[in-house]
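Now for the letters of each chain:
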Amino acid sequence: MRRPLPEFGPVLRRAAVELRRWWPEMALGLGVVLAILGPVLRRGYVLRYDLVFVPDPPFGALVWGSGSELPRAVPSELLAVGLSQLIPADLAEKALLAGCLALASVGAARLAPVSHPLARVAAGLAYVWNPWVYGRLHLGQWAVIAGYAALPWAYSWVLGVLRPPPDGAGPSRRSAVAGGLGVVLGGPAMVLVAVFTCAPALALARQWRAVVAGTATLAGLTAPWLLALVNRGGAIDLDQRSIGAFAVRADTPLGVLGSVATLGGIWSRYAVPVGRDQWPVAGLALVLVVAAVWGFGLTRRRWPSAAWWGLLAGAVLGTVIAVLPAWSVGAQWMVALVEHVPLAGATRDSTRLLAPLALLQAVGLGMLVESLTTTGARALAPLVLLAPVLLLPSLAWGLGGQLETVRYPAEWSTVRAVVNGDPAGGSLVSLPWSSFRAYRWASGPPMLDPATRAFRRPVLGDQDVLVGKDRIRGESREAERVAAALAVPGDPGPALRRLGVRYVLIQTDQPNAVEVEGRFADAELVRRDGTLTLFRLSGDGSSRSAGTVGIVPALGYSVLGVTLLIALSYPAARRRRVLLSGTFSRRDRQ
C-alpha cells in the first residue's frame, strides 16, 4: 500500500501569510546587512581589533575556556568554530556578523507595539543604526553585538509572560531560547544587561515563578563560562586602572551625559563616528533622543504597566552604572565593587550597559513614527525614520570604507599543520610579546594575535592592553610567568620548558622580532617560512595531550545542552508553560 504524499499546500499558504505579515521586518533585516556589510560580503577575512577569524580553526583551548586567559570567548568561540567546520571560516564570519545585525533590527521591529510598516521599520532601524553599534563594529566585538541583538527577543518573552496571548499558548519558546542564547554569547556584561532589561518588569508584576525559571535557564545557558571560570581557580585580579581606562568619555560637545544619552561615550577615541564632535550633529541627535523618549511615553497605553516601568527602570539603572566611572567618586565605588563582588568586572567596559537605553529609544521612535502617520504630520514620518541614518552616515558601507577583506599568507597554514599534528602536550608561546598585531598583508587597524585561535594547544601571549597611554595588566597568571621568564637576559628556552612550553612561534614581521629570535640559541628550528619562525624546545613537554578536552568544559557544555533540550522539547505542555512563563492557564488553576 502506497503512503499518501505529504500535502505542501497548507505549509505554503502559512508561509505566504507570514511573509505578507512580516515583510517590512524581513526587508529591513536584509537592507541593514547590505547597507553596513556590503563591501565585505565577498571572500576573505575581516580582521580588526577583537574580530579575528582564522582558516580551518580547531577546537582548541580558547573554545573550551581551558587556556590561561579569562573565558571571555566561551561559548561564542564554539559557535564560530563549529560554523567554520560547516562552511569556510571567512563565510562563517560574515554569516555571524550579518545574523547579529539582522536579528537586532527584526527583533526591535517586532517588539515595538506598533502596526504601521513605517513605524516597525523605524524601531528596527534605530536599534541598529546608532553610535553604540558603530563602536562595537569598529572594535570587532561581534559577540557583544549578538548579546545586544538578543535583548528584543528576550523582552518579547517578558511581554508574553505579563500578557499571555488569548489562545493560551503562552510566551514563545523560540523568543526565550533565542534571547537567552544570544545574551550568553555576549559574555558576562551582556548577561548583566539582560538582567537589567528583563528582571525589573517581572519583579514589578510579581511573576516570581518566571523570575526563578528565567534565572535557572540563564544559569544553565551560562554554565560553560561559569564552570570554566571556577576551574581557572583563584580570584580575578583585575587592574584597578581599567575602571578609569574603560570609563565613558564625552565624544560630543554635549559632555558625558549628552554623549551617553545619544548612545555614545565609548572609551576608544578611534571608535567614535565621524561628525559627532560637531554641534549641529550632536544637537540634532539630542533632539531625536528627546523625541524617542516622548514616543516611549506613548507606549504606556499599549504595554502592561510593569513592562513599561520595567524597561524604563532597566535603562535608567544601566545608564547610571555606565556613567559612574566617569567621575572620581563613582570610579572609587566601582573599584570597590570589582574588588569585592564576583563577576563585577563585567561592568568594566561600562558603555555596554547602555543597551537597554538603546532598546527604549528604538521602541519610542517606532511609536513616534506611528503617531505621526495617524496625524496631520504624516509627511514627517519618513524624515524621523531616516534620521538615525542621516545623523550617522559613517556606519554605512563598511563603516565608511574602514572594513575590508584580506587573506592569510600561506605560511600560517603550514605552521599550523606542523603544530597541530604533534600529539605531544605542552603549550605554545607567541612572540614578540604583544597582545595586538599590525600586519602589512592586513592593512587595517591592529588586531588580536591570530595564533591564539590557530592551534589546538594552549597559546600563551601578552594579555596586557594599551588604552591610550595606560597599560592595563591582563588576568593570566601563566602569561605573567612567561613574561617574567622573557624579562631575564639570555636564552629564555630553559625557563619556558619548565613552564610546560613546547613550541615558540616568532612572527618575524613584527617589531623587535629579530632580537627575540636571536635569543633562542639552543632551541630546535622547525620552520622558517615567510613571516613565521617556529622553534621546538627540547624535552617532552606536558604529559597532557594537546587535543584533550577537560572534564569541566565538557560538563559546562553538557549543562547548556540539557538546558536547551528542556526549553525546546519538554513533552508536558503544562510544565513547559510553568518553566518558560511561570503562569497557569485557567484550566490549570481549577
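As shown above, the structure is provided for reference.
None of the values given here were measured: they were computed from a predicted structure.

Colleague: Help me get a handle on the overall build of the protein chain, residues and values and all.
Modeller: Within the protein chain, the regular secondary structure consists of 27 helices and nine strands. Taking all 590 residues of the protein chain together, 55% fall into the buried category. Long-range pairs, those at least 24 residues apart, make up 77% of the contacts in the protein chain between residues at least 6 apart in sequence. Split by element, the accessible area of the protein chain, about 26,200 Å² in all, is 63% carbon and sulfur.

Colleague: Let's hear about the pattern of salt bridges: which residues, and what values?
Modeller: Per the counting criterion, the structure on display carries 15 salt bridges. In this structure, Arg528 and Glu517 form a salt bridge, with 2.5 Å as the shortest nitrogen-oxygen distance. Residue Arg528 is found in strand E8 (residues 524–529), and its partner Glu517 is found in helix H24 (residues 513–518); the two are separated by eleven residues along the sequence. Three or more residues joined by partner-sharing salt bridges are found here, namely Arg136, Asp349 and Arg352.

Colleague: Tell me what's going on with the side chain of Ser84, and back it up with residues and numbers.
Modeller: Tracing the sequence through the fold places Ser84 in helix H3 (residues 76–86). Residues in contact with Ser84, not counting those within four places in the same chain, are Pro57, Ala89 and Ala92.

Colleague: How would you explain the environment of Met367 if you had to name every residue and give the values?
Modeller: Note that Met367 resides in helix H17 (residues 355–373). By relative accessible area, which is 5% here, Met367 ends up buried. Apart from the residues lying within four places of it in its own chain, the contact partners of Met367 are Pro113, Val114, Gly295, Leu298, Thr299 and Arg302.

Colleague: How would you summarise the sheet that holds strand E7 (residues 501–507) if you had to cite specific residues and measurements?
Modeller: Pairing within the open sheet is mixed, and its five strands lie in the order E4-E1-E7-E9-E8. Each having just a single partner strand, strand E4 (459–460) and E8 make up the two edges of the open sheet. Against the sheet, helix H20 (residues 410–420) touches strand E1 (427–431), E7, E8 and strand E9 (532–536), its axis set at about 10° to E9.

Colleague: Provide a residue-level description of helix H5 (residues 117–128), including the pertinent values.
Modeller: The end-to-end C-alpha distance of H5, which contains twelve residues, comes to 17 Å, matching closely the 16 Å that a straight helix rising 1.5 Å per residue would cover. Most of H5 is tucked away: ten of the twelve residues are buried.

Colleague: Tell me about unusual backbone geometry, and name the residues and values.
Modeller: Following Val74, the chain continues to Pro75 via a peptide bond in cis, the omega torsion being 0°. For the peptide bond that leads from Leu431 to Pro432, omega is 0°, which places it in the cis range. Tracing the backbone shows Pro432 in the loop between E1 and strand E2 (436–437). In the Ramachandran plot, Arg206 falls in the positive-phi region, its phi being about 55° despite a non-glycine side chain. In this structure Arg206 comes out as exposed when scored by relative accessible area, which is 66%.

Colleague: Tell me about the packing of aromatic side chains, residues and numbers included.
Modeller: The tally for this structure, following the rule as stated, stands at 15 aromatic pairs. Relative to Trp142, the ring of Phe53 lies with its centre 6.5 Å away and its plane at 50°, an arrangement referred to as tilted. With Phe53 in the loop between helix H1 (9–37) and helix H2 (61–64) and Trp142 in helix H7 (residues 142–162), this residue pair connects regions lying 89 residues apart in the sequence. Owing to a relative accessible area of 6%, Phe53 belongs among the buried residues under this scheme. On the basis of relative accessible area, Trp142 is assigned to the buried category, the value being 7%. Plain terms: the ring middles of Tyr127 and Tyr148 are 4.1 Å apart, the flat faces sit at 5° to each other, and that makes the pair stacked.

Colleague: Now, about a nonpolar patch on the surface: what can you tell me, with residues and values included?
Modeller: A contiguous nonpolar surface patch, about 390 Å² in accessible area, is contributed by Leu380, Leu383, Leu386 and Leu390. Topologically, Leu386 is positioned in helix H18 (residues 381–391). By relative accessible area, Leu386 is classed as partly exposed at 42%.

Colleague: Help me get a handle on the side chain of Arg352, residues and values and all.
Modeller: Note on placement: Arg352 falls in the loop between helix H16 (328–340) and H17. Those residues in contact with Arg352 that sit more than four places away from it in its chain are Trp132, Arg136, Gln141, Val144, Ala189, Met190 and Val193.

Reading the values: the criteria
Throughout, residues of each chain are indexed from 1 in the direction in which the sequence is written. Only residues with pLDDT of at least 70 are given local features in this predicted model, and only at 80 or more are side-chain atom pairs given and counted; all residues enter the totals for whole chains, interfaces and linings. To obtain the side-chain values, all non-hydrogen atoms of the structure were included, while hydrogens and water were left out. Secondary structure elements are taken from DSSP: a helix is a run of H or I of four residues or more, a strand is a run of E of two residues or more, and numbering for both begins at the N terminus. Here's how the labels work: a residue is buried when its accessible area is under 20% of the maximum for its type, exposed when over 50%, partly exposed in between, all with a 1.4 Å probe on protein chains only. We call two residues in contact whenever any of their non-hydrogen atoms come within 4.5 Å of each other. Accessibility throughout is a Shrake-Rupley quantity obtained with a 1.4 Å probe, and a residue counts as covered only by protein chains that appear here. The working definition used for a salt bridge is a side-chain nitrogen of Lys or Arg within 4 Å of a carboxyl oxygen of Asp or Glu. Strand pairing is assigned whenever DSSP detects at least two bridges linking the two strands. Note on method: axes are straight lines fitted to C-alpha atoms, helices fitted across the in-contact stretch only, with angles between N-to-C directions ranging 0 to 180 degrees. Any helix carries an expected span of 1.5 Å times its number of residues minus one. A pair of aromatic rings is counted whenever rings of Phe, Tyr or Trp (Trp by its six-membered ring) have centres within 6.5 Å, and the orientation is called stacked for planes under 30 degrees apart, edge-to-face for over 60 and tilted otherwise. Patches here are clusters of residues that have more than 30% relative accessible area and form no salt bridge, with a 9 Å joining cutoff for like charges and a 5 Å cutoff for nonpolar side chains (Val, Leu, Ile, Met, Phe, Trp, Tyr).

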